[in-house]
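Per-entry structural report
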Amino acid sequence: MKGRAAGVVVLVCVAALTADYAVKIAWTAASDVRVAALQEKVRADAGLAAALAAEQKKIADFNQARRTRINWLSLVLIVAAAAFLVEQPKAPRRIPEKPQKAAGVRRGGKPVVTGAAAPEIDLAFVDEVVAREGRGTEAAIPILQAIQAHYRYLPDEALRRVCELTEITPAQIAGTSSFYSRFRRSPVGEHIVRVCHGTACHVAGARQITDELRRELKIAEGEDTDPSRTFTIEEVACLGCCSLAPVVMVDEHTAGNLTPATACDALGEHA
Ligand code: FES
């Protein structure tokens, strides 16, 4: 209602300024004609100088009054326009949905994804993190780090909760989570398979090892996790045991000197 009233005031001010300008154009043209005529007469009759001075004073008064009127109308227009903009309904802040493929069970208090339904999301944890880290935009990275550490990825529900509780916007979250590669927007598998792509491992056939593991685990193009959410494959830099190249690390277990034929042995009992 306030916004509508402010909008009406804006329209009235614009109309008044437009009308004032039209009046000024017509009035100036008429007064110019009168002044020119009086100047002509004053040349012949000096006694008309007082009438010319009176006409010129009338023009000056008109211009002064108009300046005052325009200043007030402009001020009212600015205030009304600002009120109109402030009263506009705000679009709801929204985190884009990501498809969820997996189910959640709890292990050691943290969600672990192993099935086909959405993981269990404990939003009370998000509330605790926000209370601890603060509600300002500067808390975005610590909050996302805590959520990532707890859920092992950034669930959409948790991110929406962050936006509700803080000054952090969906755009800021999207920018931050895509800039830092350690942030994940999709659930991670139960086991992390790190395939070393450092120089020694690359030369020793890391690409073929990766391809074989992806083929065996039926990981789709563009994905990094198998359909059952058991394994997530990551390509990492040197794991620090180059003499064993090519090297694969499954959780905390390291396997080296692999070939495409033996690559899946690294998955051990989990496969
Ligand atoms: S390059 Fe792979 S362990 Fe060093």
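Every chain is numbered independently, its residues counted from 1 as its sequence is written. In keeping with the model being predicted, local features are shown solely for residues with a pLDDT of at least 70 and side-chain atom pairs are shown and tallied solely at 80 or more, while totals for entire chains, interfaces and linings include all residues. Side-chain calculation: all heavy atoms of the structure are included, whereas hydrogens and water are not.

Some thoughts on the nonpolar core
What makes a nonpolar core is a set of buried Ala, Val, Leu, Ile, Met, Phe, Trp, Tyr and Cys residues whose side-chain atoms join them at distances within 4.5 Å. With a 1.4 Å probe rolled over the protein chains alone, any residue whose accessible area is under 20% of its type maximum counts as buried; one over 50% counts as exposed, and the rest are partly exposed. Ranked by size, the top nonpolar core spans 20 residues in total, and within it V126, I143, I147, Y151, V162 and I173 carry the most contacts. Think of it this way: any DSSP run of H or I at least four residues long counts as a helix, any run of E at least two long counts as a strand, and we number them from the N terminus. Of all the secondary-structure elements, those providing two or more residues to this core are helix 3 (123-133), helix 4 (140-151) and helix 5 (156-165). Sort the elements by how many residues they give to this core and helix 4 lands first, with six residues. Here a residue-residue contact requires only that any non-hydrogen atoms of the pair lie within 4.5 Å. Excluding anything up to four places from it in sequence, V162 contacts V126, I143, I147, I168 and I173. Judged by nonpolar contacts, the second largest core, of 16 residues, contains I209, I233, C264 and A266.

Overview of the pattern of salt bridges
In what follows, salt bridge is the name for a side-chain nitrogen of Lys or Arg lying within 4 Å of a carboxyl oxygen of Asp or Glu. A full pass over the atoms with the stated rule returns twelve salt bridges. With a closest N to O distance of 2.8 Å, E55 and R34 form a salt bridge. A residue pair is termed long-range when its members are at least 10 positions apart, and E55 in helix 2 (residues 49-86) and R34 in helix 1 (residues 2-44) qualify at 21 residues. Judged by relative accessible area, which is 32%, R34 ranks as partly exposed. The closest approach of N and O atoms between E234 and R194, which form a salt bridge, is 3.7 Å. Taken together, the residues span a long stretch of sequence, with E234 in strand 4 (residues 231-236) and R194 in strand 3 (residues 191-196) at a distance of 40 residues. Its relative accessible area of 28% is what places E234 among the partly exposed residues. With relative accessibility at 26%, the residue R194 sits in the partly exposed group. Among the charged side chains, a network of salt bridges with common partners joins D20, R66 and R69.

Some points on the sheet that holds strand 5 (residues 248-250)
When DSSP finds two or more bridges between a pair of strands, those strands are recorded as paired. With mixed pairing, the four strands of this open sheet are ordered in space as 4-3-5-6. Edge positions in the sheet fall to strand 4 and strand 6 (253-255), since each of these pairs with one other strand and no more. Pairs of neighbouring strands in the sheet enclose a mean axial angle of 20°, with direction left out of account. Only the stretch in contact is used when a helix axis is fitted, and all axes are lines through C-alpha atoms; the angle between N-to-C directions ranges over 0 to 180 degrees.

Looking at unusual backbone geometry
Across the junction of A245 and P246, the peptide omega takes the value -5°, indicating a cis bond. Inspection of the secondary structure puts P246 in the loop between strand 4 and strand 5. Unusually for a residue other than glycine, K218 sits at a positive phi of about 55°. With respect to the secondary-structure elements, K218 resides in the loop between helix 8 (206-217) and strand 4. At D251, a residue that is not glycine, the phi angle is positive and equals roughly 55°. Looking at the secondary structure, you find D251 in the loop between strand 5 and strand 6. You can call D251 partly exposed: its relative accessible area is 23%.

Looking at helix 8
Expected helix span is given by 1.5 Å per residue-to-residue step, counting one fewer step than there are residues. With twelve residues, helix 8 extends 16 Å from end C-alpha to end C-alpha; this agrees with the ideal 16 Å at 1.5 Å per step. Taken together, the buried positions of helix 8 are occupied by A206, I209, T210, E212, L213, R214 and L217. Its buried side turned inward, helix 8 meets strand 3, helix 7 (199-203), strand 4 and strand 5. Following helix 8 by one or two positions, K218 has its phi on the positive side, about 55°.

Some details on the environment of I147
Relative to the assigned elements, I147 resides in helix 4. By relative accessible area, I147 is classed as buried at 0%. As for I147 and V129, which are separated by 18 residues in sequence, their C-alpha atoms are 8.0 Å apart. Those residues in contact with I147 that lie beyond four places of it in its chain are F125, V126, R152, Y153, L154, P155, A158 and V162.

Some remarks on the confidence of the model for the protein chain
For the protein chain, per-residue confidence averages 83 on the pLDDT scale, and residues scoring 70 or more make up 87% of the total. Confidence over residues 91-117 falls short of pLDDT 50; this stretch has 82 contacts with residues more than four positions distant or in other chains. What pLDDT expresses is the predictor's confidence in each residue, scored from 0 to 100.

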